Amino acid sequence: MTERMTGGMKDFAALLETLVLTPSRNAKIAAMAAYFRATPDPDRGIALAAITRDLSLANLKAGALRQLTMERVDPDLFLMSYDYVGDMAETISLIWPAPDEDADGELPGLAAFVSDIETLPKSALAGHVAALLDLASPAERWAMIKLATGGLRVGVSARLAKTALAAYSGRDLAEIEKIWHGLEIPYTGLFAWLDGTGPRPEIRHGQTFHPMMLSNPVDEERDFDRLSPDDYQAEWKWDGIRVQLVIDGDRARLFSRTGDDISAAFPDLVEALGGRAVLDGELLVGHDFDPMNFNHLQQRLNRKTPAKSHIRDYPAFVRVYDMLFDGEEDIRDLPLVDRRRRLEAWMATHAGTRLDLSEILAFNDWDELAALRRMGAETHGHEGLMIKQLQSLYVAGRPKGPWFKWKRDPRLIDTVMMYAQRGHGRRSSFYSDYTFGIWRGNEIVPVGKAYSGFTDGELRDLDKWVRGNTVNRFGPVREVEKDLVVELAFDSAHESPRHKSGIALRFPRVSRIRWDKPASEADTIETVRKLIG
Amino acid sequence: MLATPQTIDIMRHRYGANCAGSFQPLAFGDRLAIGDVTVSLHPAGHILGSAQVLMEYGGRRAVVTGDYKTHPDSTAQTFELVPCDLFVTEATFGLPVFQHPDPMLEINRLLASVAAQPERCHVIGAYALGKAQRVIKLIREAGHDAPIYLHGAQEKLCGYYMDQGIDLGDLRKALDREKDSFRGHIVIAPPSALRDRWSRRLPDPVVCQASGWMTIKQRAKQSGVELPLVISDHADWNELTTTIAATGAETVWVTHGREDALVHWCRQRGLAAEPLYLQGREEDLSE
């Protein structure tokens, strides 16, 4: 492709279609690289932000688009269509009445599209968007709606998009990752550097989020045989939220794993911090560094500004386990043992009342560690263990090898399928979202929903079973015969007044389908209550 | 078995000469009295020979469409609008999200992809009866006259269409050929063969599927289709609603597909409409 494209909606829509439909990772990378090469600034930067899901327009929400569509299309037909298609943007793009032949005009480029929507007064917005949808093909409508509402799912992770940037420019992926979170849409400086026409963008490390290093689950069968216990350190795995603390003098910010700034929900924590560092740790709530139930943390997380009583009853703290920057110095290229030494020294002067150092557990061999893991789960309710290679550098992403998580064994209960609902996206033709229940006296009450844990083959079987055993339909939901027993695995159980059973499960997933087991042998509420805590 | 002569021929080709107890051919437009009812067949436009059935009794007229489409197709007789009092319509694509584009636009996308990727082969999943011949004919009408390779299951009916005077150009067997000889070419196979061992003979194929379902991107993705072609032998939403209105029918029974939406549409317009649920019809991606 030698000709430069226009940055138009048509090219972007074509790129998205390729990304959705091509099964090959390399073909996706090639398609993105070709697009970045052929598309001018700032349009390519807008496209990049959409693909990495960093773009979100405050002015135009999915609800407004839905409203706009329902004004033109019979609402009942719209809802039936949505139930069938499973994706709001695609439903709107397909159902939008085809424009008159003489509809005249041109769609804006991506950047112009975005800036129009962000600057137009609310009163003019609906008319503007409707006029654009009239001009567009279904594929272009879909592209515009996804640009406006965010949440683009085209089978491309942010990581793969950055890999495409690396492929396009010949720059090192790790270098791109390092500066990524300090960059701003539409990434003009980044593209200039990638094109070799500008310097590497300068990032103020003390103020930005840095992508985290993640662990892989241990494969008990294979990993322990080939790993030497002397090369690893172990810590408890905490049932909190992974966070990054960016402390810059008297200003501190708290980021979630995905780089969302969640400082506002935890003023008690961030206001108590000082010094200069970027730290990695687990956000927990509790008094005197004694962590409380995850539910309390969840309550605080869900609020933009916390209630005074929450701050008093559930004070936040961070159990720190790693250090990325010591002052302004980037220490991510030092081995973990050295980073840990730096962290301990820094904590000695700056820990205060809200930071607590994660304990390193002593063990001589893997069997000893296994015993520790069992004891921790049984007597302290620990989630499991983290196992980290002492020489590991701090690498963004989820590299295979240096860090492992070794979760406690999941808890299992036998439940009965009660309801099923069609999935979305790739699973939109399958009944893939299930509600499961347990016995309370003579009735079955819902205890949790699960969408995962089964193979594609099992999904087909479950889907077929649901279609053949439907007793009732409520819109998109089917109620099924209370006949199928499914073993659910989950991480923990908690009290929940919102559920009819009074119990909420964390991370429930299908463990086994018990085609063999009669529903009468499913678990009761009494047995499940014993697993709370 | 009462049917058009071409339908009888096709049934014999597919299911054997004695697949029905006896056949009684009825040409389009001929009227046949069965008791007090007069029966006649009228083109449905779905595939070659496909018919709607008009039944007249005591001055009242009922039409059962079977599968139909109204947009032009040079491999089938053109749909005939038959005014009636009771209209029994299919509803395969009975949701307003189904608005089929001009099939020639889809063929142009296919040919552009073939030209852009000469090192790969394009294999199109198309139902052996009707869809395969239509796609081939459209490809010919777009000016592409290179040989097209056929899966064994496609040969017999393509031969029949040719015998009926529908020129499908240079068709060849895909059997026993060098893998490399498919590069840059188009192969037509039943959808079920696309993910079967059969397709291993093809060099890095671009999997295409010609079907009305390809409108929904996630459906295409789900079936492993890289290049979806929205080409259908069934009426889309606009054709369904336009046809219902044009028949003048006051009563509409809806079957074979998304009955609910079409029934809703009819009732909004004051028509007496009912869903007619038939057993044994589940969604079929090959349609």
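Residues numbered from 1 in each chain as written. Chains lettered and ligands numbered in written order. Predicted model: local features only at pLDDT ≥ 70, side-chain atom pairs only at ≥ 80, totals over all residues.

**Q** Mind showing me how you'd approach the overall build of chain A here?
**A** Scanning chain A from terminus to terminus reveals 20 helices and 19 strands. For chain A, whose C-alpha radius of gyration is 26 Å, the value lies close to the compact-globule estimate of 24 Å for 533 residues. Per-residue burial for chain A yields a buried fraction of 37% across its 533 residues. Nonlocal contacts in chain A, meaning residues at least 24 apart in sequence, comprise 71% of its contacts between residues at least 6 apart. (Helix = DSSP H or I, 4+ residues; strand = E, 2+ residues; numbered from the N terminus. Rg over C-alpha atoms; globule rule 2.2 N^0.38 Å. Buried ≥ 20, exposed ≤ 12 C-beta atoms within 10 Å, placed from the backbone. Contact = placed C-beta atoms within 7 Å.)

**Q** Looking at this structure, I do not really get the environment of G384 of chain A. What am I missing?
**A** Examined against the element boundaries, G384 of chain A turns out to sit in strand β9 (residues 384-389). Apart from residues no more than four positions distant in its own chain, G384 of chain A is found in contact with K237, R373, K405, W406, K407 and R408 of chain A.

**Q** Just to check I follow, could you spell out the packing of helix α7 (residues 110-119) of chain A against helix α9 (residues 138-149) of chain A for this structure?
**A** Two quantities define a packed helix pair, namely the angle between the helix axes and the distance between the axes. All names here are of chain A. Running from N to C, α7 and α9 point in directions that differ by 50°, and their axes come no closer than 11 Å. As summarised for this structure, α7 and α9 are arranged oblique, according to the angle between their axes. Classified by chirality, the crossing of α9 by α7 is right-handed. Where α7 approaches α9, its residues L110, F113, V114 and I117 are matched on the opposing element by M144, L147 and A148. Considered class by class, the residues forming the contact of α7 with α9 number seven nonpolar, no polar and no charged. (Axes fitted to C-alpha atoms, helices over the stretch in contact; angles between N-to-C directions. Parallel < 35°, antiparallel > 145°, perpendicular 65-115°, else oblique. Left-handed = near helix turned anticlockwise from the far one by under 90°. Nonpolar A, V, L, I, M, F, W, Y, C, P; charged D, E, K, R; others polar.)

**Q** How should the interface of chain A and chain B be read in this particular structure?
**A** For an interface, size is often stated in terms of accessible area lost upon the parts coming together. On the chain B side, the residues contacting the 23 residues of chain A number 20 residues. Looking at the side of chain A that touches chain B, the elements with two or more residues in it are α1 (9-21), α5 (75-85) and α6 (88-95) of chain A. The dominant element in the side of chain A that touches chain B, judged by the number of residues it contributes, is α5 of chain A, at six residues. Class assignment for the residues of the side of chain A that touches chain B results in 11 nonpolar, seven polar and five charged.

**Q** Looking at this model, I keep getting lost on unusual backbone geometry. Mind explaining?
**A** Leave glycine aside and you will find that most residues have negative phi; peptide bonds, for their part, are mostly trans. All names here are of chain A. Here D41 and P42 are connected by a cis peptide whose omega angle stands at -5°. With respect to the helices and strands, P42 occurs in the loop between α2 (25-38) and α3 (43-51). Residue I185 is joined to P186 through a cis peptide bond whose omega torsion reads 5°. You can see P186 is positioned in the loop between α11 (173-180) and α12 (188-195).

**Q** Teacher, can you tell me more about the sheet that holds strand β13 (residues 227-229) of chain B here?
**A** The strands making up a sheet are joined through hydrogen bonds of the backbone, oriented either antiparallel or parallel. Residue and element names in this part refer to chain B. Strands sit in the order β10-β9-β11-β8-β12-β13 across an open sheet of six strands; the sheet is parallel. Each of the sheet's edge strands pairs with one partner strand only, and the pair in question is β10 (171-173) and β13. Strand-to-strand twist in this sheet, taken as the mean axis angle between neighbours without regard to direction, amounts to 30°. Two strands pair when backbone bridges link them, and strand β9 (residues 148-150) and β10 are joined in this way by three bridges, in the parallel orientation. By the bridge assignment, L150 is partnered in β10 with K173. Of the strands in this sheet, β8 (122-125), β11 (186-189), β12 (206-210) and β13 are in contact with helix α2 (residues 103-116), which crosses β13 at around 155°. Here helix α3 (residues 131-141) sits on the sheet in contact with β8, β9, β11 and β12, set at roughly 160° to β11. (Pairing = 2+ DSSP bridges.)

**Q** Explain the nonpolar core to me, please; I cannot follow it from the model alone.
**A** Nonpolar side chains tend to gather and get buried jointly when the protein is soluble and globular. Residues V135, V187, I188 and C208 of chain B are the most contacted members of the largest nonpolar core, which totals 131 residues. In terms of residues, this core owes the most to one element, α1 of chain A, which gives seven residues. Residue-level mapping places this core at the junction of two domains, with at least three residues from each of domain 1 (2-97 + 234-275) and domain 2 (103-229) of chain B. Counting 51 residues, the second-largest nonpolar core is a separate cluster that includes V318, L369, I387 and F404 of chain A. (Core = buried A, V, L, I, M, F, W, Y, C linked by C-beta atoms within 7 Å. Domains from an automatic or database assignment.)

**Q** I would appreciate a short explanation of the domain arrangement of chain B in the present structure.
**A** All names here are of chain B. By the assigned domains, chain B splits into domain 1 (2-97 + 234-275) and domain 2 (103-229). Opposite the 14 residues of domain 1 that make contact, domain 2 presents 13 residues. Broken down by class, the residue content of the side of domain 1 that touches domain 2 amounts to five nonpolar, six polar and three charged.

**Q** What is the right way to read helix α8 (residues 259-268) of chain B from this model?
**A** Each full turn of the α-helix corresponds to 3.6 residues, which orients residues three or four apart in the same direction. Among the residues of α8 of chain B, those classed as buried are E259, A261, L262, V263, W265 and C266 of chain B. Taken together, the buried residues of α8 of chain B touch α5 of chain A together with β7 (86-91), α7 (237-247), β14 (251-257) and β15 (272-275) of chain B. Positive phi appears at G270 of chain B, one or two residues downstream of α8 of chain B, with a value of about 80°.

**Q** Is there a simple way to explain the domain arrangement of chain A in this structure?
**A** Domain assignment breaks chain A into domain 1 (216-407) and domain 2 (411-529). Computed over C-alpha atoms only, the centres of domain 1 of chain A and domain 2 of chain A are separated by 33 Å.

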